[in-house]
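Chain and residue survey
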Amino acid sequence: MSTLHLHQRTTLTPEQYVQGLTDFGPSRSKLFGNSADEYLKVHRRGHTEADVTEGSGGIWERLHYDWSDLNRVVLTTIDSNVWGGTSRHTYTFTRQPNGTTDIDVAVIRQGKNFKGRILGFVLGTIGRRVLERAFKNSVIAIEARNAQGELTKGTALWRVE
């Protein structure tokens, strides 16, 4: 099992980042490079939770998104071809006095088969840089999208299949 802790400071509010995080529209891969559009399937979406399958490169997982607390968003792995057990992502948001937000992410990866255990080991070592870069790129993409006014409160940029 691998546990990674990632950190980014952003000009986004927690609400703005969560809006990007929960945008399950057809251009999700522009915000999250590890979520290829051909893998994306929204099974159910409510006001503060969703059940979504996503992935890329032959790795997929079905996640339960819970954003009922905008200071802490949890993505729990329900099913996957490689991840199981306690696999999840937990985003914690801390507003700073200067108007910025610190985003801390804890990524827990527990392999459920040989491929998953190998990938978990790789992520815990050299793969950390890949996840750090992907997280940083998601923050930059959501900042840019927000600056362009594409993500506005109340916009529904998702589909249910």
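The following paragraphs examine the structure supplied in this document. For clarity, every value in this text was computed on a predicted model and none was experimentally measured.

1. As for the overall build of the protein
In terms of helices and strands, the protein carries four helices and seven strands. Taken from N to C terminus, the helices and strands of the protein fall in the order β-α-α-β-β-β-β-β-β-α-α. For 161 residues, the compact-globule estimate of 2.2 N^0.38 gives 15 Å, and the protein sits close to it at 15 Å. Overall size of the protein, expressed as C-alpha extent along the three principal axes, is 45 × 35 × 25 Å. Put simply, the protein has 161 residues, and 42% of those count as buried. For the protein, restricting intrachain contacts to residue pairs at least 6 apart in sequence, the fraction spanning at least 24 positions comes to 49%. Element-wise, carbon and sulfur atoms account for 54% of the exposed surface of the protein, whose accessible area totals about 8,300 Å². Charged side chains in the protein number 21 positive and 17 negative. The centres of these two groups are separated by 4 Å.

2. Regarding the side chain of Arg28
Within the fold, Arg28 resides in helix H2 (residues 28–31). A polar side-chain atom of Arg28 sits 2.8 Å from a polar atom in the side chain of Tyr65. Setting aside residues no more than four positions away along its own chain, Arg28 makes contact with Gly20, Leu21, Asp23, Ser35, Asp37, Leu40, Glu54 and Tyr65.

3. Description of the packing of helix H1 (residues 14–21) against helix H4 (residues 128–147)
Across the interface, H1 lies against H4 with an axial gap of 10 Å and an inter-helix angle of 105 degrees. In terms of their interaxial angle, H1 and H4 are classed as roughly perpendicular. Between H1 and H4, the residues in contact are Gln16, Tyr17, Gly20 and Leu21 and Phe135, Ser138, Val139, Ile142 and Asn146, respectively. Its residues assigned to classes, the contact of H1 with H4 shows five nonpolar, four polar and no charged.

4. Describing the pattern of salt bridges
As enumerated under the stated definition, the model contains nine salt bridges in all. In this structure, Arg9 and Asp102 form a salt bridge, with 2.6 Å as the shortest nitrogen-oxygen distance. Separated by 93 residues along the polypeptide, Arg9 in strand S1 (residues 2–10) and Asp102 in strand S7 (residues 101–109) bring together distant segments of the chain. In this structure, the salt-bridge partner of Asp23 is Arg145, at a minimum N-O distance of 2.7 Å. Here Arg145 lies in helix H4 and Asp23 lies in the loop between H1 and H2, a separation of 122 residues in the sequence. Residue classification places Arg145 among the buried positions, given a relative accessible area of 11%.

5. Points about the nonpolar core
In terms of nonpolar packing, the biggest core is built from 31 residues, with Tyr17, Leu21, Tyr65, Val73, Tyr91, Ile103 and Phe135 touching the most fellow members. When contributions to this core are tallied by element, the ones reaching two or more residues are S1, H1, strand S3 (49–56), strand S4 (59–69), strand S5 (72–80), strand S6 (88–95), S7 and H4. With five residues, the top contributor of residues to this core is H4. Those residues in contact with Val73, other than ones at most four positions away along the chain, are Val18, Leu21, Asp66, Trp67, His89, Thr90, Tyr91 and Phe93.

6. Points about the environment of Leu21
Its location among the elements puts Leu21 in helix H1. Separated by 121 residues in the primary sequence, Leu21 and Ile142 have C-alpha atoms spaced 8.6 Å apart. When neighbours within four sequence positions are excluded, Leu21 is seen to be in contact with Arg28, Phe32, Tyr65, Val73, Leu75, Tyr91 and Ile142.

7. Things to note about the pairing of S6
Summarising the sheet, S5 and S6 pair through five bridges and their orientation is antiparallel. Its bridge partner lying in S6, Thr76 is registered against Arg88. Pairing analysis gives eight bridges linking S6 to S7, with the strands arranged antiparallel. The partner of Thr90 across the bridge, within S7, is Ala106. Here S6 hands over to S7 after five residues, with Gly99 in that stretch at a positive phi of 95 degrees.

Rules of the game
- Residues numbered from 1 in each chain as written.
- Predicted model: local features only at pLDDT ≥ 70, side-chain atom pairs only at ≥ 80, totals over all residues.
- Heavy atoms only, no water.
- Helix = DSSP H or I, 4+ residues; strand = E, 2+ residues; numbered from the N terminus.
- Rg over C-alpha atoms; globule rule 2.2 N^0.38 Å.
- Buried < 20%, exposed > 50% of the residue type's maximum accessible area, 1.4 Å probe, protein only.
- Contact = heavy atoms within 4.5 Å.
- Areas by Shrake-Rupley, 256 points an atom, 1.4 Å probe, with all protein chains shown as cover.
- Lys, Arg positive; Asp, Glu negative; His and termini not counted.
- Charge placed at Lys NZ, Arg CZ, Asp CG, Glu CD.
- Polar contact = N/O pair within 3.5 Å; in protein donor to acceptor, adjacent residues only side chain to side chain.
- Axes fitted to C-alpha atoms, helices over the stretch in contact; angles between N-to-C directions.
- Parallel < 35°, antiparallel > 145°, perpendicular 65-115°, else oblique.
- Nonpolar A, V, L, I, M, F, W, Y, C, P; charged D, E, K, R; others polar.
- Salt bridge = Lys/Arg side-chain N within 4 Å of Asp/Glu carboxyl O.
- Core = buried A, V, L, I, M, F, W, Y, C linked by side-chain atoms within 4.5 Å.
- Pairing = 2+ DSSP bridges.

Any link to function would need more than the numbers given here.
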